[in-house]
Amino acid sequence: MGKGKRLKRMDDSLFGKNSSKSEYIVGRFVSNARGFGFVEVEGRDEDIFIPEEYVHGAFHTDTVEVELLNEYPGRRAEGRIRNILVRGLEEVVGTFQAEKNFGFVVPDNTKIQNDIFVPIEFCGGAVTGDKVVVKITDYGDPLKRRKPEGKVKEVIGNINDPGVDILSVVKNYDIPYEFPERVMNQAMRCPDFISEADMLGREDLRDVQMVTIDGEDAKDLDDAVSLHIDEKGLFHLGVHIADVTNYVQENSALDREALKRGTSVYLVDRVIPMLPHKLSNGICSLNHGEDRLALSCLMTFDENGGLLDHSIVESVINVNERMNYSDVAKILDDNDEETIERYSELVPMFRDMEKLSKILRVKRESKGAIDFDFPESKIILDKEGNPIDIVPHERNTATKLIEDFMLAANQTVAEHFYYMESPFVYRIHEQPDPEKIASLNAFVSNFGHHIKSRRDAGVSPKELQKLLKGIQGSREEAVISRMALRSMMQAKYSTECTGHFGLAFDYYCHFTSPIRRYPDLQIHRIIKDHLRGRMTVEKAQHYAEILDEVAKHSSETEHRAEEAERETDKLKKAQYMENHVGEVFDGIVSGVTNWGMFVELDNSCEGMVSAASMADDFYVYDELNLRLIGERTRKEYTLGQKVKIRVLSADRLTKAIDFRIVSEDEDEEEAAQQELEWVEYSKARRVTEDRARKVRRLVDRAGERSEDKASRRTIKVRGEEVDINEVEPDPRTGKPRKKKSAGGSKSGRGTAGKASAAGKSTSGRKVYKVHKYKKSATSKAARSAQGKGRRKKR
């Protein structure tokens with residue numbers, strides 16, 4: 001969270017003298033929960049492995065200098081950290097633990113190895129069980145065994161308060177949550193309606209029939225579509241995008257904040273917008289019946305989807321209707337009479353849109369566009385933030401229609417400015433790594449499939465598309481689709497137009513969402529400079545200087561948002577499954593490791609089946625074919641295979657769900673006896689479990705203290721609050737005084753201390769409904785085969 005100051009170089013006497021031949025490389029340290037780490041070096045194909053003993057106090061995301069210890073062909077380079085140049089983390093989110101004269105913060109991020117010590121004067125009013133943001137003041141010294149120190153900067157709230165779990169994730173990823181006052185002041189000065197002066201010089205499209213089509217709960221409507229077919233049978237498609245740049249001037253407070261955020265973040269229970277709601281839900285939202293400023297991409301297509309003509313203009317529009325995906329699907333897919341009657345004036349346009357959408361999709365597929373149509377889900381929460389249902393988020397004709405039109409506009413705008421040789425921000429998706437494609441080819445060959453690739457040109461999108469079409473409806477479809485997706489590179493923003501592999505586009509950009517993506521906002525600025533004749537040599541040079549950093553930063557913030565979204569999804573899914581422990585579900589094997597396998601349920605929740613819980617045999621991991629094979633029975637579990645599981649446990653603190661395979665002849669009585677006496681997980685998982693147990697103890701302590709405090713009766717003795725049980729009358733004056741401790745001890749433990757000494761404790765409230773990891777039944781023969789010692793129950 002933030003960048004720290006540059007640090008002094010490490011003392012050679014502490015970490016060993018470096019050889020004069022040693023090579024120092026600067027990179028970014030990525031910590032692992034197990035203690036070791038890697039250093040990512042820009043321009044280097046493979047990371048440098050750092051053993052635990054050579055981490056030398058580096059924190060996750062620190063910029064470090066690494067001394068290479070060995071580098072051999074075919075093996076990962078190994079090194080040791082010599083110098084920490086810039087600290088990557090200045091703040092840490094965690095759970096506070098209060099002691100008598102100090103406190104500790106247990107970090108949420110398992111990549112941070114140590115708790116943070118907090119002196120009493122810097123506790124900031126935090127109590128045990130609070131989620132806090134702590135600012136690191138001293139990073140500690142591993143050689144002197146001195147822990148990092150910090151001071152509480154912010155108390156997020158008690159760990160049991162609604163919304164605190166999600167807000168902790170937001171803070172942990174350093175996602176800006178509240179807008180600064182100067183940004184809000186600037187947003188409040190934006191008008192609620194457009195003026196006549198705003199419309200000058202713009203193309204008036206208010207008489208053109210157009211609609212917005214979004215989800216039912218969407219409020220920031222930034223794109224509208226229009227379509228008509230002329231007498232020659234040509235399709236005239238208009239994609240109209242809110243002109244956000246009219247209100248967000250370059251280098252203004254709004255612009256700097258938007259660049260900092262990079263993107264809107266869509267979490268389970270909230271949206272963290274890139275721009276204040278006054279803009280995103282107000283003057284920049286294309287609300288129906290209201291005049292709005294837009295940038296319109298007007299395209300003409302022939303009956304085969306060929307682009308014949310296009311123009312990009314500043315416009316004034318007025319949306320006829322605010323449509324949602326469900327209603328459009330009812331019209332096009334279901335022929336729902338009531339919905340058709342309600343929108344009778346728009347139905348002919350929707351029918352024409354469906355025609356063009358199919359034509360554009362067929363043309364895209366003919367070029368080799370790859371469509372990974374994995375099921376998505378939406379988590380439904382109650383008012384307290386508890387998950388009550390997980391429903392599928394289906395793609396229908398309406399969602400595909402909007403997707404096709406947005407792709408067409410993005411492609412048209414990118415190609416237009418590529419040939420103008422203008423500074424620009426493109427959306428690129430690079431060719432897959434040849435080694436990954438070779439691994440994928442080796443894997444699919446087991447199922448009788450083959451991928452053609454050339455050494456010089458690599459694999460073509462059409463080859464992967466052919467593969468995916470060839471497995472549709474087959475047993476191996478899920479497994480091969482997932483493997484193909486994993487072989488892909490990650491899309492990103494760039495000033496170089498290298499094409500989009502997955503879409504099979506030579507030119508592509510993001511033009512259609514300036515409300516929620518900064519690259520789109522920047523592109524609109526460039527477009528308007530061209531349209532208004534302001535793209536001078538100096539202006540072009542200005543963009544050339546800033547766009548590389550804009551592209552890089554936007555890719556980073558996009559990746560951060562995706563990680564935060566995944567993290568909150570995992571948290572709420574684990575919380576949802578806490579209420580389904582012991583129940584049986586059907587699922588599909590979604591991952592296989594040497595520790596077991598992951599199974600994904602129909603509701604998209606994913607859990608792990610530990611190999612140690614598979615009591616019927618000893619299972620060996622076949623890494624090449626991603627499967628587990630029973631040594632004795634030769635039974636196999638492989639990616640994409642359907643299985644029946646029972647939920648063993650779920651825990652929102654670890655964000656983990658555990659399953660056990662259910663045998664076909666297993667009855668309820670037998671299932672009730674399936675209590676594991678031991679279970680073995682990976683070391684990384686054990687680190688997470690240990691951290692969660694520590695936090696759980698803090699939560700229970702907080703509950704006990706709050707209950708104890710509520711039940712106590714106190715009176716003031718000489719200005720001090722004293723428990724009534726620790727008060728006695730003074731024999732001389734008759735006034736209350738504190739009881740003297742037995743034996744003259746000054747410990748002051750009182751009744752609480754006695755109860756503790758007697759081994760009694762007040763039963764504190766359970767803040768979380770957390771199920772301890774049940775242990776699956778394992779026969780003596782299986783335990784012997786697994787080669788594990790019997791562990792005692794905790």
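Every chain is numbered on its own, with residues counted from 1 as its sequence reads. Confidence filtering applies because this is a predicted model: local features only for residues at pLDDT of at least 70, side-chain atom pairs given and counted only at 80 or more, and all residues used for totals across whole chains, interfaces and linings. To get the side-chain values, all heavy atoms of the structure are used, and hydrogens and water are removed first.

1. Things to note about the overall build of the protein
Here is step 1 of the chain: Scanning the protein from terminus to terminus reveals 19 helices and 37 strands.
Here is step 2 of the chain: Residue burial is assigned from relative accessible area. The probe radius is 1.4 Å, only protein chains are included, and a residue is buried under 20% of its type maximum, exposed over 50%, and partly exposed in between. Taken over 794 residues, the protein has a buried fraction of 50%.
Here is step 3 of the chain: In what follows, residue pairs with any heavy atoms lying within 4.5 Å of each other are defined as contacts. In the protein, the proportion of contacts linking residues at least 24 apart, taken out of those at least 6 apart, comes to 67%. Runs of E in the DSSP output that reach at least two residues are strands. Runs of H or I that reach at least four are helices, and both are numbered from the N terminus.

2. Quick look at helix α5 (residues 253-261)
Here is step 1 of the chain: Burial in α5 covers these residues: A253, L254, D255, E257, A258 and R261.
Here is step 2 of the chain: Residues of α5 that are buried in the fold lie against α3 (181-188), β16 (271-272), α6 (277-283), α14 (518-531) and α15 (537-577).
Here is step 3 of the chain: Positioned one or two residues after α5, G262 has a phi angle of 80°, which is positive.

3. Details of the side chain of S554
Here is step 1 of the chain: Mapped onto the elements, S554 comes out in helix α15.
Here is step 2 of the chain: Ignoring any residue separated from it by four or fewer positions in sequence, one finds S554 in contact with Y493, Y518 and P519.

4. A short note on the side chain of E354
Here is step 1 of the chain: Positionally, E354 belongs in helix α9 (residues 347-366).
Here is step 2 of the chain: Look at E354 and you get buried, because its relative accessible area is 15%.

5. So, the packing of helix α7 (residues 325-334) against helix α10 (residues 397-419)
Here is step 1 of the chain: Running from amino to carboxyl end, α7 crosses α10 at an angle of 105°, the nearest separation of the two axes being 7 Å. As the angle between them shows, α7 and α10 are arranged roughly perpendicular. Contacts between α7 and α10 pair Y325, V328, A329, L332 and D333 from the former with T397, A398, T399, L401 and I402 from the latter.
Here is step 2 of the chain: Tallied by class, the residues present in the contact of α7 with α10 amount to 7 nonpolar, 2 polar and 1 charged. Axis lines are fitted to C-alpha atoms, over the contacting stretch for helices. Their N-to-C directions set the angle, which ranges from 0 to 180 degrees. Angles are sorted into four bins: roughly parallel if under 35 degrees, roughly antiparallel if over 145, roughly perpendicular if 65 to 115, and oblique for all others. Charged residues are taken to be Asp, Glu, Lys and Arg, nonpolar residues to be Ala, Val, Leu, Ile, Met, Phe, Trp, Tyr, Cys and Pro, and polar residues to be all remaining types, Gly included.

6. A closer look at the packing of helix α2 (residues 164-172) against α15
Here is step 1 of the chain: The interhelical angle for the contact between α2 and α15, taken along N-to-C directions, is 155°, at an axis separation of 10 Å. Here α2 is positioned roughly antiparallel relative to α15, judged by the angle of their axes. Once α2 is placed against α15, the crossing between them reads as right-handed. Across the interface between the two elements, D165, I166 and V169 from α2 touch A564, E567, T568, L571, K572 and Q575 from α15.
Here is step 2 of the chain: In terms of residue class, the contact of α2 with α15 is built from 4 nonpolar, 2 polar and 3 charged. In this scheme, a crossing is called left-handed if the near helix is turned counterclockwise away from the far one by less than a right angle; it is called right-handed if the turn is clockwise.

7. Concerning the sheet that holds strand β32 (residues 642-651)
In sheet architecture, strand pairing relies on hydrogen bonds along the backbone and comes in two forms, parallel and antiparallel.
Here is step 1 of the chain: Should DSSP find at least two bridges between two strands, the strands are regarded as paired. Read around the closed barrel, 5 strands run β26-β27-β28-β33-β32, paired in mixed fashion. For this sheet, the mean angle separating the axes of adjacent strands, direction not counted, is 50°.
Here is step 2 of the chain: When strand β26 (residues 584-593) meets β32, the two strands line up antiparallel, connected through 5 bridges. Looking at the pairing, I588 lines up with K642 of β32.

8. Regarding the pattern of salt bridges
Here is step 1 of the chain: Any carboxyl oxygen of Asp or Glu within 4 Å of a side-chain nitrogen of Lys or Arg constitutes a salt bridge here. Using the criterion set out here, one finds 40 salt bridges in the structure.
Here is step 2 of the chain: The partner of E558 in a salt bridge is R427, and the shortest N-O contact between them spans 2.9 Å. Here E558 is found in helix α15, whereas its partner R427 is found in strand β22 (residues 426-428), with 131 residues between them in sequence.
Here is step 3 of the chain: Note that E600 and R482 form a salt bridge whose closest N and O atoms lie 2.9 Å from each other. Of this pair, E600 sits in strand β27 (residues 596-601) while R482 sits in helix α13 (residues 477-486), and the two are 118 residues apart along the sequence.
Here is step 4 of the chain: Put simply, R202, D243, E314, K528 and R532 are held in one network by salt bridges that share partners.

9. Things to note about the sheet that holds strand β31 (residues 636-638)
Here is step 1 of the chain: Read from one edge of the open sheet, 3 strands run β29-β30-β31, paired in antiparallel fashion. Bordering the open sheet on either side are β29 (619-622) and β31, each of which pairs with just one other strand. Across this sheet, the average inter-strand angle for adjacent strands is 20°, counted without regard to direction.
Here is step 2 of the chain: Note that strand β30 (residues 627-630) and β31 share 3 bridges and pair antiparallel. By the bridge assignment, L628 is partnered in β31 with Y637.

10. What to know about the packing of aromatic side chains
Here is step 1 of the chain: In this scheme Phe, Tyr and Trp rings, the latter by its six-membered ring, pair at centre separations within 6.5 Å, and the angle between planes marks the pair as stacked below 30 degrees, edge-to-face above 60, and tilted otherwise. In this structure the tally under the stated criterion is 15 aromatic pairs.
Here is step 2 of the chain: Each ring, one from Y619 and one from Y637, has its centre 5.7 Å from the other, and the planes form 55°; the classification is tilted. Here Y619 is found in strand β29, whereas its partner Y637 is found in strand β31, with 18 residues between them in sequence. Of the two residues, Y619 and Y637, neither departs from the other in class, the shared state being buried.
Here is step 3 of the chain: Every member of this aromatic cluster is reached through a ring pair, and the members are F36, F38 and F49.
Here is step 4 of the chain: In this structure, R80 packs its charged tip against the face of Y54, placed 5.8 Å from the ring centre.
Here is step 5 of the chain: Look at NZ for Lys and CZ for Arg. If either is within 6 Å of the ring centre and within 35 degrees of the ring normal, a charge sits over the ring. Against the face of Y493 rests R427, its NZ or CZ located 4.6 Å from the ring centre.

11. Description of unusual backbone geometry
Here is step 1 of the chain: Not every positive phi belongs to a glycine, and H56 is a case in point at roughly 55°.
Here is step 2 of the chain: Along the chain, the position of H56 falls in the loop between β3 (48-50) and β4 (63-70).
Here is step 3 of the chain: Its identity as a non-glycine residue notwithstanding, K655 has a phi of 60°, on the positive side.
Here is step 4 of the chain: If you trace the backbone, K655 turns up in the loop between β32 and β33 (656-661).
Here is step 5 of the chain: When its relative accessible area of 21% is taken as the criterion, K655 is described as partly exposed.

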